[in-house]
Amino acid sequence: MVDNRKFNVLSLCGGGVRGLITAAILKEIEQRLMRKLSTFNVRIADFYDLIAGTSAGGFLTSLLLAPLSSEHKTLSAEEIYQIFYDATVNIFLLAEHGEPLRDPELCSKNINNILNKIFGKMELKDLLKPSLITAYEPNREWLSFFKQHYAQRVPEYNFFLSDVVAATFSMPVHFNPVKTRSFSDNIVRRESFSSIISKPKIQETLLEELVKKNIVNTKGEILIEMDLSCREKLGLSSGFTPLENYIYDIIERIANPKMLFIDGSMFANYPSMSALIEIHNIANTKKSNKNVTLLSLGTGINQIYHEYNVQDKDKLTSKLLNMLFTSSEKLSHFQTYITFETSKATDNYIHLNPVIMSSGHSNLPTYSINDIRPENIKTLLSITESYIKAIDHKLDDYVEHLIKNQYSS
């Protein structure tokens, strides 16, 4: 790519229901783009070369880039705001006394139903632009990145989009982990039957499985007649013999096992650095940030003193989770800023994040990521509205930048 090309990156932070703050700011930016360009045929995603998101931000990333509209390929930011609003207030739960309730089983069921209705059988590769959505594999203690631009090229990196969003959104304590597998069986089935069956480890696992099913004995001798009548019994598809089909099913489980995912906030609640590294990989730049503009949207800052009390077991878990997310965000924000400062391009890094709780406003409902009480949501949206007014000129300047970059020759 040409060295002087300008790249725009959008990074969306995690925060559960507090993602409404992000959704509201995105809607405001898109509406300003419409006014500046004197047209309603504007989609904010069109102005970015890469969108990255964690948890709620990963959900919004998918909504921004998924071809969900018949009239337009993507939804408007206003439509996305409403979908996200409706989804979050239906995912989380309130107890009978009105307080936020933690029920991982039911919340997981809720989000799976909602995501299946929104995305159906859509796949990660179906997103319309490069994207990066974070998750974490607790069994392997592994950082995971769902990337649209990888999924389009390699089936191992492709997943159902509903599973991707559920994975990035599965905050510990609030949700069960997500267990899913990629589409890498396409790679497996391109290998010849003879080459696969000749692998010692495959043979060992196959023999064990087939013995359990009384298809072969321990010597490997077939115990049932593998003819067309077996297809119905084993529920196998056509194209191979029933035995070959059955073996391929086992191979798929060996070569492409289900992976366990939890919320990407475990390591990147604030995915700006991950996004910055990825755009340099995509653009094949010299790692200078002078040609990159990064907008990072947070889900609210808590500037209120909370005593760390190990004796208060009920509050300690919430406190530790909040510390995990906020410390990750603060570190990543600092690192991102320093990276742009090193390139002498600090103006190219814009971080928008309103204060939602401070020592002077300790009577606000809560900062909890699962608090869907009407008064809490009303307060979050009121704070966001005031914040947007306070940064009016900054938003106007940024919109002008997006338009200039998009339509410059």
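Just so you know, these numbers come straight off a predicted model, no measurement behind them.

Draft legend 1. Highlighting the packing of helix α1 (residues 19-37) against helix α16 (residues 392-407). Running from N to C, α1 and α16 point in directions that differ by 60°, and their axes come no closer than 10 Å. It follows that α1 is oblique to α16 by the angle criterion. As for how α1 packs across α16, the hand of that crossing is right-handed. Counted together, Glu28, Ile29, Arg32, Leu33, Lys36 and Leu37 of α1 and Asp392, Leu395, Asp396, Tyr398, Val399, Glu400, Leu402, Ile403 and Tyr407 of α16 form the full contact between these two elements. Considered class by class, the residues forming the contact of α1 with α16 number nine nonpolar, no polar and six charged.

Draft legend 2. Geometry of the pattern of salt bridges. By the definition in use, this model includes 14 salt bridges. One salt bridge in this structure joins arginine 140 and glutamate 137, with 2.8 Å as the shortest N-O distance. Where lysine 147 meets glutamate 278, a salt bridge forms, and the shortest distance between an N and an O atom there is 2.8 Å. Taken together, the residues span a long stretch of sequence, with lysine 147 in strand β6 (residues 142-147) and glutamate 278 in helix α13 (residues 272-283) at a distance of 131 residues. An identical accessibility class is assigned to lysine 147 and glutamate 278; each is buried. Beyond isolated ion pairs, a larger network of salt bridges with shared partners links Glu28, Arg32, Arg35, Asp392 and Asp396.

Draft legend 3. Structural detail: α13. In a regular helix each residue adds 1.5 Å, so 12 residues correspond to 16 Å; α13 covers 16 Å between its end C-alpha atoms and thus fits that length. Among the residues trailing α13, asparagine 284 stands out with phi positive, at a value near 55°.

Draft legend 4. Examining unusual backbone geometry more closely. Positive phi, close to 55°, is recorded for serine 38, a residue that is not glycine. In this model, valine 173 sits at a positive phi of 80°, which is unusual for a non-glycine residue. Summarising the element assignment, valine 173 is placed in the loop between α6 (161-169) and β7 (178-180). Residue classification places valine 173 among the partly exposed positions, given a relative accessible area of 32%.

Draft legend 5. Region of interest: the confidence of the model for the chain. On average, residues of the chain score 84 in pLDDT, and 76% of them are at 70 or above. In this model residues 186-190 is a low-confidence stretch, pLDDT under 50, and it forms 12 contacts with partners more than four residues away in sequence or in other chains.

Draft legend 6. Examining the pairing of strand β1 (residues 7-12) more closely. In terms of burial, β1 is a largely internal element, six of the six residues being buried. Of the two faces of β1, the one lined by Phe7, Val9 and Ser11 and the one lined by Asn8, Leu10 and Leu12 are each fully buried. Pairing between β1 and strand β9 (residues 292-297): six bridges, direction parallel. Residue pairing across strands places asparagine 8 opposite threonine 293, the latter belonging to β9. Here four bridges tie β1 to strand β2 (residues 50-53), and the two strands are oriented parallel to one another. For valine 9, the partnering residue across the bridge sits in β2 and is leucine 50. Handedness of the β1-α1-β2 crossover: right-handed.

Calculation notes
Residues numbered from 1 in each chain as written. Predicted model: local features only at pLDDT ≥ 70, side-chain atom pairs only at ≥ 80, totals over all residues. Heavy atoms only, no water. Axes fitted to C-alpha atoms, helices over the stretch in contact; angles between N-to-C directions. Helix = DSSP H or I, 4+ residues; strand = E, 2+ residues; numbered from the N terminus. Parallel < 35°, antiparallel > 145°, perpendicular 65-115°, else oblique. Left-handed = near helix turned anticlockwise from the far one by under 90°. Contact = heavy atoms within 4.5 Å. Nonpolar A, V, L, I, M, F, W, Y, C, P; charged D, E, K, R; others polar. Salt bridge = Lys/Arg side-chain N within 4 Å of Asp/Glu carboxyl O. Buried < 20%, exposed > 50% of the residue type's maximum accessible area, 1.4 Å probe, protein only. Expected span 1.5 Å × (residues − 1). pLDDT = per-residue confidence, 0-100. Pairing = 2+ DSSP bridges. Right-handed = clockwise from strand over helix to strand, strands pointing away.

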